[in-house]
Amino acid sequence: MITLLVVSCKSTKVVTGGEVDSRLSSKSVIKTHYQNTTSFKTLSGKVKIDYSDGDASQNFTVSLRMEKDKGIWMSAPLGIVKAYITPTRVSFYNKLENEYFDGDFSYLSKLLGTEVDFEMLQNLLLGQAIVDLRSEKYTISIAEDSYQLKPKGVGTLYKMLYQIEPQNFKMALQQLAQPSKKQLLEIRYENYQRVEKDILPNEIRILALEENRRNAIVLEYRNIELNGAINFPYKIPKGFKEVVLK
C-alpha cells in the first residue's frame, strides 16, 4: 500500500500561530487561499507513512518526487514497491506480491471512498482545497481557531466542510461526505512548514470511511528539496500479475 505522499525538510521551520479576523468575508478568505499557492516546480524528499485499515497496520518510509502538475513518483527502499501517478494514469508495482496496477484513478478513488483525479491528489498533498472553492458561495464562521466554510446551497449528494488556518490561509481541515453511500473523506493538516519561499504541510492525517470499511493514513514529511533536477525511473517488471479491481 504505497499510495499517498508529500514531503518536508530537516532544515525547515514549522509554522504555527496566526489569529483569525472575524471581519473577513468568505470571499476574502478564499481569495487569499488561492493567492498563497505553492510556486515550486519540482520537489523531492521522503515521507513516513502510517497506514491502517482496521484489521492491520503498516508503517514505512518512501522516497517522493513531484513535478508540479505533471507527475508524482514514489519508491520504497530497494525499489520493492514503486508508484508513478500522472494526470491520466495511476500505476504501481509490488515485488513482494509480484503484482501491478496500471490504469486510471479508480484504485485511489476506491481507497479514499470518493472520486479522485490528479489535481485533487496534488492539492491534498500541498494543503490546497481539493475542490475549487471559487465555484460556490459559502457561509463563514470561526471554529478551532480557523475560518470554517460551508456551502450555502444544501447538497443532496455531497456534504462539504472546509477550515482554513489564519497564518498562511492553507487548509486546516477538509471533509467530503456522501451520506447515501455512508462515505466520508476527512483530511486534517496538523501543521505547516516553510521550505524556502513555500509553505508546505508538515503532517497530514487522512481518514476514509465507507460503511464498515475504515482506512487511516498519516503522512509525515521529511528531507525536502525544491526545484532540483529530478527524474521518474519506472518500469513494470515482466511476469507480474495485474491487480483487478472488484
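Owing to the predicted nature of the structure, the values given are computational and were not obtained by experimental measurement.

For the rest of this paragraph, the subject is the confidence of the model for the protein. Per-chain confidence: the protein averages 89 in pLDDT, with 91% of residues scoring 70 or above. Looking over the protein, one finds the lowest element-wise mean pLDDT in strand E1 (residues 13–15), namely 58, and the highest in helix H1 (residues 26–35), namely 97.

The next thing to look at is empty space enclosed by the protein. Applying the stated rule across the entire model yields two cavities of 30 Å³ or more. When its volume is computed, the second largest cavity comes out at roughly 40 Å³. Element by element, the count of residues in the lining of the second largest cavity is highest for helix H3 (residues 118–126), at three residues. Tallied by class, residues from the lining of the second largest cavity come to seven nonpolar, no polar and no charged.

We now examine the packing of aromatic side chains. Following the criterion strictly, the structure yields ten aromatic pairs and no others. Both rings, one in tyrosine 189 and one in tyrosine 192, keep their centres 5.9 Å apart while their planes meet at 20°; by these two values the pair is stacked. Given a relative accessible area of 3%, tyrosine 192 falls into the buried group. Taken together through their ring pairs, the aromatic side chains of Tyr84, Tyr93, Phe232, Tyr234 and Phe240 make up a single cluster. Above the face of the phenylalanine 40 ring, lysine 68 is positioned so that its terminal group lies 5.5 Å from the ring centre. The ring of tyrosine 34 has arginine 134 lying over it, and the distance from NZ or CZ to the ring centre is 3.8 Å.

As a further point, take the pairing of strand E11 (residues 171–178). In the case of a regular strand, side chains alternate between the two sheet surfaces. Most of E11 is tucked away, with seven of its eight residues classed as buried. Here strand E10 (residues 159–164) folds back onto E11, and the loop between the two strands holds six residues, one of which, phenylalanine 169, carries a positive phi near 60°. As defined by bridge partners, E11 adjoins strand E12 (residues 183–195) across six bridges and the pair is classed as antiparallel. Following the sheet pairing, glutamine 175 is matched in E12 by glutamate 186. Where E11 folds back on E12, the antiparallel hairpin that results is connected by four residues, among which lysine 182 adopts a positive phi of roughly 55°.

What counts and how
- Along each chain, residues carry numbers from 1 onward, in the same order as the chain's sequence is written.
- Since the coordinates come from a predicted model, pLDDT governs what is reported: local features require at least 70, and pairs of side-chain atoms require 80 or more to be given and counted, while whole-chain, interface and lining totals use all residues.
- Excluding hydrogens and water, the side-chain values take into account all heavy atoms of the structure.
- Confidence of the predictor at the level of single residues is captured by pLDDT, which takes values from 0 to 100.
- Where helices and strands are cited, they refer to DSSP runs of H or I of at least four residues and of E of at least two residues respectively, numbered from the N terminus.
- Space inside and on the surface of the protein is sampled on a 1 Å grid over the protein atoms alone, with a cavity defined as a set of points where a 1.4 Å probe fits but cannot get out and a pocket as an open set with protein on both sides within 12 Å along at least 5 of 7 lines; lining residues have an atom within 4 Å of a point.
- Grid points are joined across faces, edges and corners, and a volume is the space filled by probe spheres set on the points.
- Throughout this entry, Asp, Glu, Lys and Arg are counted as charged residues, while Ala, Val, Leu, Ile, Met, Phe, Trp, Tyr, Cys and Pro are counted as nonpolar. The remaining residues, Gly among them, count as polar.
- Pairs were defined over the aromatic rings of Phe, Tyr and Trp, the Trp ring being its six-membered one, requiring ring centres within 6.5 Å. Orientation was assigned from the angle between planes: stacked under 30 degrees, edge-to-face over 60, tilted for the rest.
- The buried label goes to any residue with under 20% of its type's maximum accessible area, the exposed label to any with over 50%, and the partly exposed label to all in between, with areas taken from a 1.4 Å probe on protein chains only.
- Two conditions define a charge located above a ring, namely a distance within 6 Å from the ring centre to NZ of Lys or CZ of Arg, and an angle within 35 degrees of the ring normal.
- Strand pairing requires that DSSP identify at least two bridges connecting the strands.

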